[in-house]
Amino acid sequence: MNALKNEADTKKTIAIIQTTRIGDLLQTSHAVKLLRENHPDYRIILVARKKFASPIMFLLEKVFDEVISIEHKSAMVGAENVREALSNLKKQLKQINDQNIEVSINLAFSKSATYLHSLIDSKNKVGPHFNELHERVITDRWSQYLYSTVMRGDLNPYNLVDLFSSIIGTTKKLTHLSNKEFSNEKKTNLLIHPFASNEKKMWKANRWVEVIYQTLKKNDQVKVYICGANQDQKSTDEILNSELIRPYKNRIEAWIGLDLKELYSKVDNSFLFVGHDSMIGNLLSFKNIKTLTISLGTVRPHETTPYALDNYNLAPKTECAPCFPKDECREYKCHNDVPYNITHQCIVQLLNNNRINIEELNNSCSSLSLSRVKLYQSDMLDNGDLVINELLHKEQDAKEVMRNFYHIAWTSIFTEVNTSMDIPSFNLQAKAQLSSHIKGIETLYELSEFGKKYSRYIIEEISKNTPSLEEIKKFSAKLDEIDRLSDLVATSYPLLSPVIDFAKVAKNNLQGSNLVSLSEAAFYTYNEISLMCSVLYEFFEKCSLINKAKQEARENI
């Protein structure tokens, strides 16, 4: 016992803060598993909310050395007054700070998690926290990227597991995904989770009735299991009591209210999982269960596809998808743009062959139906990142092109690791949209070069024997003007927003103890944006977009 304690005392402790939902905890656990494979010498603890950690504690205990469950509401609800509530909160905080933490890493970007991170006694902090002036501080590049891109738009190409891994600082082994294989070619069980956290993200029961009916009618050896929480019982009954389903009811079993540990133990490689974006798919990815996700509403397939090779994701090509949670929607057009017959055909192929054959899909579904959806398959880049490739349409839309570019560019700029992708093929609409952004790239490049110039002027002025405060103010005002103009570029050229938003977050978190070091940090940030624009311009040239745009400009004169 003492030997084990001494071993724990000698290991450096890393604290991971993840106070958001179960799905985020599961993605965090994947990232920490990768860290353990590379750095078994660290002691890793998790700080999570009790209501989210408890259902998957059976898995968390295998990944983390210790799980510290906190619950701010319970600390306050059970208290008779504010003083007692504060005392309860201090006890929870003391439990964390008794761990002798070397590094604390905040992977939850909520305000409460940021406050909590600020109160943790750690020698080094990664991710958002508040400083003594009550300013939000994000010092590391990958956290700045997550905060600026994932939180503000849908152009992020990274799976959240890979983003969390990059923030933690994990170096992936190139076998961490490729050495996992599915044991059964033919599946005999279909696990369906037809529910989600809000109605934007899930079909109505009648659409699932059609999928289940067609599957059972044409696959007489398959059994269907419907899983969900207790509050999903009414919707489950609606499915089970439908006229179409009734003849096949003996081949359907409802696992409603089953705790996640039991669900996890029941599902093996004879199962195919089909459902909307939820934590169930992420949970089963730890067992490498084959999944087909139907992504609707606010879901971003690039970020949340279960972390394993050869998983599939059906998403609508609806122009407004994915939307934001705050966006109002009454029609749910994206729900109708994923036809149930395509879903059924994908399920049949996965049950029988473990893969989806696009030629067969084209033969069994109408071209009109297929034109409304994207079908993604997960794969791995040569640097170990998980990516999803669109299978149905060879020509990419403008956002898809930009996501792939950003994956290569950000990885190279932040890590100096080079990855490669094929030059994309795109349709006329994408070409027009991308070509319209060339002027924005040129403008942003010029603004960044001006930013470098005026940052350098400030450094040179300060280094003089008698620096002029008026000159420094003048140059600083120029930098403010550059930032305002950059915001206008983001409005006019939305595909460039990730670059501009990142620059804004990076400049708001400049590190330095004096004006010189802050100006140097600003210079390097402008230089990164300038470099990004140069690479993007070169990329557009290789895609034959620059010459085309210039030729059209000449023709219009």
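Residues numbered from 1 in each chain as written. Predicted model: local features only at pLDDT ≥ 70, side-chain atom pairs only at ≥ 80, totals over all residues. Heavy atoms only, no water.

Asks: Got a minute to help me understand the sheet that holds strand β4 (residues 101-106) in this structure?
Replies: Adjacent strands of a sheet pair through backbone hydrogen bonds, lying either parallel or antiparallel. Across the sheet, five strands lie side by side as β3-β2-β1-β4-β5; this open sheet has parallel pairing. Of all strands in the sheet, those with a lone pairing partner are β3 (66-70) and β5 (122-126), marking the two edges. This sheet shows a mean twist of 20° between the axes of neighbouring strands, independent of strand direction. Both strand β1 (residues 12-17) and β4 contribute to a ladder of five bridges, which runs parallel. Bridge pairing in β4 links T13 to I101. (Pairing = 2+ DSSP bridges. Helix = DSSP H or I, 4+ residues; strand = E, 2+ residues; numbered from the N terminus. Axes fitted to C-alpha atoms, helices over the stretch in contact; angles between N-to-C directions.)

Asks: Could you clarify how one ought to interpret the packing of aromatic side chains in this entry?
Replies: Any aromatic ring pair is given by two values, namely how distant the centres are and how the planes are angled relative to each other. Counted according to the given criterion, the structure contains 26 aromatic pairs. For the ring pair F414 and F502, a centre distance of 5.3 Å and an interplane angle of 50° mean the geometry is tilted. Placement of F414 in helix α19 (residues 398-415) and of F502 in helix α23 (residues 497-508) is noted, with a sequence separation of 88 residues between them. Residues F414 and F502 agree in their burial class; the two are buried. Taken together through their ring pairs, the aromatic side chains of W142, Y145, Y158, F405, Y406, W410, F414, F502, F539 and F540 make up a single cluster. The cationic tip of K287 hangs over the ring face of Y264; the distance from NZ or CZ to the ring centre is 4.8 Å. (Phe/Tyr/Trp six-rings, centres within 6.5 Å; stacked < 30°, edge-to-face > 60°. Buried < 20%, exposed > 50% of the residue type's maximum accessible area, 1.4 Å probe, protein only. Lys NZ or Arg CZ within 6 Å of the ring centre and 35° of its normal.)

Asks: It is not clear to me how the side chain of R207 should be interpreted in this structure. Could you clarify?
Replies: In this structure, R207 sits in helix α10 (residues 205-218). One buried charge, R207, has no salt-bridge partner; the nearest side chain with opposite charge is D337, at 8.2 Å. There is a polar contact of 3.0 Å between the side chain of R207 and the backbone oxygen of V338. (Lys, Arg positive; Asp, Glu negative; His and termini not counted. Salt bridge = Lys/Arg side-chain N within 4 Å of Asp/Glu carboxyl O. Polar contact = N/O pair within 3.5 Å; in protein donor to acceptor, adjacent residues only side chain to side chain.)

Asks: How should the sheet that holds strand β13 (residues 312-316) be read in this particular structure?
Replies: If you walk across this open sheet you meet the eight strands as β10-β9-β8-β11-β12-β13-β14-β15, and the pairing is mixed. With one partner strand each, in any of the chains shown, β10 (252-256) and β15 (386-390) form the two edges of the open sheet. For this sheet the average axis-to-axis angle between neighbouring strands, irrespective of direction, equals 20°.

Asks: It is not clear to me how the pattern of salt bridges should be interpreted in this structure. Could you clarify?
Replies: Two side chains bearing opposite charge may form a pair once their charged atoms approach each other closely. One pass over the full model with this rule turns up 28 salt bridges. Put simply, R355 and D310 hold a salt bridge, and the shortest N to O gap is 2.9 Å. One end of the pair, R355, is in the loop between α16 (340-353) and α17 (358-364); the other, D310, is in the loop between α14 (301-304) and β13, and 45 residues separate them in sequence. A relative accessible area of 43% places R355 in the partly exposed class. D310 gets classed as buried once you look at its relative accessible area, which sits at 16%. Between K452 and E449 there is a salt bridge; the shortest N-O distance is 3.1 Å. Remark: E449 and K452 occur in helix α21 (residues 438-462); sequence separation between them is three residues, near one turn of the helix. A single salt-bridge network, built from bridges that share partners, covers K374, D397, E400 and R403.

Asks: Quick question: what am I supposed to make of unusual backbone geometry here?
Replies: Trans peptide bonds make up most of the peptide bonds, and negative phi angles are found at most residues other than glycine. Cis geometry marks the peptide bond from A321 to P322; its omega dihedral reads -5°. Residue Y332 is not a glycine yet carries a positive backbone phi of 50°. With respect to the secondary-structure elements, Y332 resides in the loop between β13 and α15 (333-336). Taking relative accessible area as the criterion, Y332 reaches 14% and is therefore assigned buried. A positive phi angle is found at N354, which is not glycine, with a value near 70°. Assignment of secondary structure puts N354 in the loop between α16 and α17.

Asks: In this structure, what is going on with the pairing of strand β11 (residues 271-276)? I would like to understand it.
Replies: Two faces make up the sheet, and in a regular strand the side chains alternate between them. The buried fraction of β11 is high, at six of six residues. Pairing of β11 with strand β12 (residues 291-294) involves four bridges; the strand directions are parallel. In the sheet register, G275 faces β12, and the bridge partner there is T293. Running through helix α13 (residues 279-284), the crossover from β11 to the neighbouring parallel element β12 is right-handed. (Right-handed = clockwise from strand over helix to strand, strands pointing away.)

Asks: It is not clear to me how the pairing of β1 should be interpreted in this structure. Could you clarify?
Replies: Among the six residues in β1, five count as buried, and that is most of the element. As judged from the six bridges shared by β1 and strand β2 (residues 42-49), these two strands associate in the parallel manner. Residue pairing across strands places K12 opposite Y42, the latter belonging to β2. A crossover links β1 with its parallel partner β2, the connecting element being helix α2 (residues 22-38), and its sense is right-handed.

Asks: When you look at the state of the cysteines in this model, what are you seeing that I'm missing?
Replies: Disulfides are covalent bonds that link the sulfur atoms of two cysteine residues. In total, this model carries zero disulfides according to the counting rule given. C320 forms no disulfide, and the closest cysteine sulfur to it belongs to C329, at a distance of 6.0 Å. On the accessibility criterion, C320 (51% relative accessible area) is exposed. Distance from the sulfur of C346, which forms no disulfide, to the nearest cysteine sulfur (C365) is 7.0 Å. (Disulfide = S-S within 2.5 Å.)

Asks: What exactly am I supposed to notice about the nonpolar core here?
Replies: When a protein is soluble and globular, its nonpolar side chains tend to lie buried together. Of all hydrophobic cores here, the largest spans 96 residues; its most connected members are I16, L191 and F540. Non-local contacts of L191, meaning those with residues more than four positions away in its chain, are made with Y225, C227, W255, L263, V267, F271, L272, F273, V274 and L284. Judged by nonpolar contacts, the second largest core, of 42 residues, contains V224, V274, L292 and I294. (Core = buried A, V, L, I, M, F, W, Y, C linked by side-chain atoms within 4.5 Å. Contact = heavy atoms within 4.5 Å.)

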